[in-house]
Amino acid sequence: MSEPVGGPGGPEAQAFSKSEMMIVAAARELAGQRVCFVGVGLPNIAVNVARLTVAPALELVYESGAFGAKPARLPLSIGDPTIVTGATAAVSMFELFSFYLQGGLVDVGFLGAAQIDRFGNINSTVIGDYEHPKTRLPGSGGACEIAINARQVFVIMRQSKRSFVDKIDFRTSPGNLGGAEAAARIRREEGWLGRGPSVVVTDLGIYHFDDTGEMRLDSIHPGATLDQVRETIGWEPKVAEPLATTPAPTPEELRLIREELDPEGAYTK
Amino acid sequence: MTKVASMRDAVAALVHDGDVVAIEGFTHLICFAAGHEIIRQRKRDLTLARLTPDLIYDQMVAAGTARKLIFSWLGNPGVGGLHAIRRRVEAPAGGAPSGDGDPAPLELEEYSHFGMVGRYTAGASNLPFFPLRSYFETDLPKANPLIRPIKSPYGDETVYAVPPLKPDVTVVHAQRADAEGNTQMWGLVGCQKEAAFAADRVIVVVEELVDEAVVRADPNRTVIPGLIVDAVVVEPWGAHPSYVQGAYDRDNHFYRDWDAISREAATTQAWLDEWVYGVSGRAEYMEKLGAERQASLRPSGTAPSGSVDYGVYK
């Protein structure tokens, strides 16, 4: 466990890492959800924490074609054999994207990003010019259709001035476009099933989107400060009044992560 | 009629310079053995299509086989970037790419996963395009003008269309096939069926050659009929470091190792010299990999499916 951020709490509070806080915060946001489209890395641990705590009925869908997966180990890739053995169904990618996602069965899709703006628009394609990029990133994969067709989108990413930017270099996945009102009209006219991004979990706090479609810091993680938030974001962030403090991970949440889901600490260090 | 051939003969006969080649398989069943044989035979000017170019296309690009990629996600899953490909795509600090002596820039044609699946589907079913609800309000149609909006003939709705993709040759790896190429697979099936039906020529590579009766005993598991198959190559471990459900695990250590190997052109070429040009084929590659590594990749237990009864109807 590297860089424990510890944090306030009762006498039973344990030290925890920033990654563990992000995982737990995202897992709690999944309370009551039914079908979740999973990404690799932190989202993958978060959905499994949720499945074992606040969302026992959660069905995990992987874009590689597994539905109702019950992974017995933490997969490095989203196409790992452990997501097939014991799953409800292994389907073709055509079925997965056509019937499950475009058909409207996915409640929550997880996305990561290299860059995100205040309206939750996401870039995972290039840094710099598209034709002559400074950095070539992986590109969409399934992200743009997840952003459009999943009922809501969760984002997990660390804050930095390079990633939380005023203007993204390329729009790979649409969020609330230029604001909530126009985004709602466009979604209606173009027949999107998605309502756009609803949660952004960072290493410093939890954001939801307000009536204007802009990210608002609703909860700050224990140990983090508003100064740190402002230093790592490319615009003046909206902050809820009053601002909540994210409850620290419970001993049971930490036990699930450390003993069951990521015993080698591959993702949580 | 038997279509069983060696990998060397199948690639020599069916893969030509300038072809559009699809070695499909989403994480699962990626036929590295075919990619390495294409490198050894020094095929050139290929257009390589895959949803996720993965390590196999990073290696094939590094070896100089390709002039273009058609893809939807360009990375090393869970690890990072594909460095050999990035060297051919990114601008050097402070200028445009391709200075003196650098390899020519690699051409990219980029979609989303659903877009690529739709392209193969249109190609397989002889349609002029595939419609999908994606790409709205993104920069992808600007980056790739082949992604175009299309109005519904039945109302006011607009969706996006992608064109058919018909590879000259598709390579599919699977658990088993009979000598005619009737091919069965289980686990993640990705879009191999669509990519095979869309192709002009199909090479099937299998872990095990089985009798026709084995196929006929379980027709629901047949993904590709021998009707569209040109060659059947029997190549155990042909997907390593990718995996085969029930046979061997993904070699995640190699996926991590490749990140360091591929960061410099020189170390990448040294790896190709040792593991591709330096071996005659997959059997020698696996021998070199060693029994211990092979044993470590076997599943930790068995999980057999129940059997079903199709019944006899006379």
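Along each chain, numbering runs from 1 in the same order as the chain's sequence is written. Throughout, the order in which chains and ligands are written sets their labels, letters from A for the former and numbers from 1 for the latter. Per-residue local features of the predicted model are confined to residues with pLDDT of at least 70, and side-chain atom pairs are confined, for both listing and counting, to 80 or more; whole-chain, interface and lining totals are unaffected and use all residues.

Student: Got a minute to help me understand the overall build of chain B in this structure?
Tutor: Only DSSP runs of H or I reaching four residues or more are called helices, and only runs of E reaching two or more are called strands; each is numbered from the N terminus. For chain B, the count of helices and strands is twelve helices and twelve strands. Here the C-alpha atoms of chain B give a radius of gyration of 20 Å, agreeing with the 20 Å that 2.2 N^0.38 yields for 314 residues. With respect to the three principal axes, the spread of C-alpha positions in chain B is 70 × 60 × 35 Å. Taking all 314 residues of chain B together, 49% fall into the buried category. Radius of gyration means the value over C-alpha atoms here, while the globule rule gives 2.2 Å times the residue count to the 0.38 power. The burial label depends on the number of other C-beta atoms within 10 Å of a residue's C-beta. Counts of 20 or more mean buried, 12 or fewer mean exposed, and intermediate counts mean partly exposed, with C-beta atoms placed from the backbone.

Student: What exactly am I supposed to notice about the interface of chain A and chain B here?
Tutor: One widely used convention gives an interface's size as the accessible area the parts lose upon coming together. Listed per partner, the contact involves 45 residues of chain A and 47 residues of chain B. For the side of chain A that touches chain B, the elements supplying multiple residues, two or more each, are α3 (93-101), β9 (133-136), α4 (143-149) and α5 (180-190) of chain A. Each residue is assigned to one of three groups, with Ala, Val, Leu, Ile, Met, Phe, Trp, Tyr, Cys and Pro labelled nonpolar, Asp, Glu, Lys and Arg labelled charged, and all others, Gly among them, labelled polar. Class assignment of the residues belonging to the side of chain A that touches chain B gives a composition of 20 nonpolar, 18 polar and seven charged. Two residues qualify as a contact pair if the distance between their C-beta atoms, derived from the backbone, is within 7 Å.

Student: Looking at this model, I keep getting lost on the environment of Val 204 of chain B. Mind explaining?
Tutor: Residues and elements named next belong to chain B. Looking at the element boundaries, Val 204 is found in strand β10 (residues 201-209). Judged by the 30 C-beta atoms lying within 10 Å of it, Val 204 falls in the buried class. As for Val 204 and Gly 25, which are separated by 179 residues in sequence, their C-alpha atoms are 12 Å apart. Non-local contacts of Val 204, meaning those with residues more than four positions away in its chain, are made with Val 172, Ala 174, Ala 177, Gly 181, Thr 183, Ile 224, Val 229 and Val 232.

Student: Explanation requested: the pairing of strand β12 (residues 205-209) of chain A in the structure shown.
Tutor: Within a regular strand, side chains alternate between the sheet's two faces. All names here are of chain A. Burial analysis of β12 places four of its five residues in the buried class, which makes it a mostly covered element. Only strands joined by at least two bridges in the DSSP assignment are considered to pair. Bridge analysis of strand β11 (residues 197-201) against β12 gives three bridges, and the strand direction is antiparallel. Considered in β12, the bridge of Val 201 is made with Ile 206. Connecting the antiparallel pair β11 and β12 is a turn made up of three residues. Where β12 folds back onto strand β13 (residues 215-220) in an antiparallel hairpin, the turn is made up of five residues, including Gly 213, whose phi is positive at roughly 90°.

Student: Help me understand the sheet that holds strand β2 (residues 59-62) of chain A in this model?
Tutor: What links the strands of a sheet is backbone hydrogen bonding, and the strands pair in either a parallel or an antiparallel sense. Residue and element names in this part refer to chain A. Spatial ordering of the open sheet is given by β4-β3-β2-β1-β5-β10-β11-β12-β13-β14, a layout of ten strands whose pairing is mixed. Looking at strand neighbours, the two that pair on one side only are β4 (89-90) and β14 (238-245), the edges of this open sheet. Where strand β1 (residues 35-38) meets strand β5 (residues 108-111), two bridges bridge the pair, whose relative direction is parallel. Bridge pairing in β5 places Phe 37 opposite Gly 109. Against the sheet, helix α2 (residues 42-52) makes contact with β1, β2, β5 and β10 (152-156), and its axis sits at roughly 155° relative to β1, the strand it touches most. All axes are obtained by fitting lines to C-alpha atoms, using only the stretch in contact for helices, and the reported angles, taken between N-to-C directions, cover 0 to 180 degrees.

Student: I'm lost on the sheet that holds strand β5 (residues 130-132) of chain B in this one. Help?
Tutor: All names here are of chain B. The strand order across the open sheet built from three strands is β5-β7-β6, with neighbouring strands paired in antiparallel fashion. Edge positions in the sheet fall to β5 and β6 (148-151), since each has one partner strand and no second. Averaged over all neighbouring strand pairs, the angle between strand axes comes to 45°, with direction disregarded. Across the sheet, helix α5 (residues 113-124) is in contact with β5 and β7 (158-162); its angle to β5 comes to roughly 150°.

Student: Help me out: how do you make sense of the packing of helix α1 (residues 7-14) of chain B against helix α2 (residues 32-40) of chain B in this one?
Tutor: Geometrically, a packed helix pair is captured by the angle between its two axes and the distance between the axes. Residue and element names in this part refer to chain B. Contact geometry for α1 and α2: axes closest at 10 Å, N-to-C directions at 65°. For the crossing formed where α1 meets α2, the hand is right-handed. Facing α1, whose interface residues are Met 7, Arg 8 and Val 11, α2 presents Ala 33, Ala 34, Glu 37 and Ile 38. Among the residues forming the contact of α1 with α2, the class breakdown is five nonpolar, no polar and two charged. Handedness of a helix crossing follows the sense of rotation of the near helix relative to the far helix, less than a right angle counterclockwise being left-handed and clockwise being right-handed.

In short, geometric facts, not functional conclusions.
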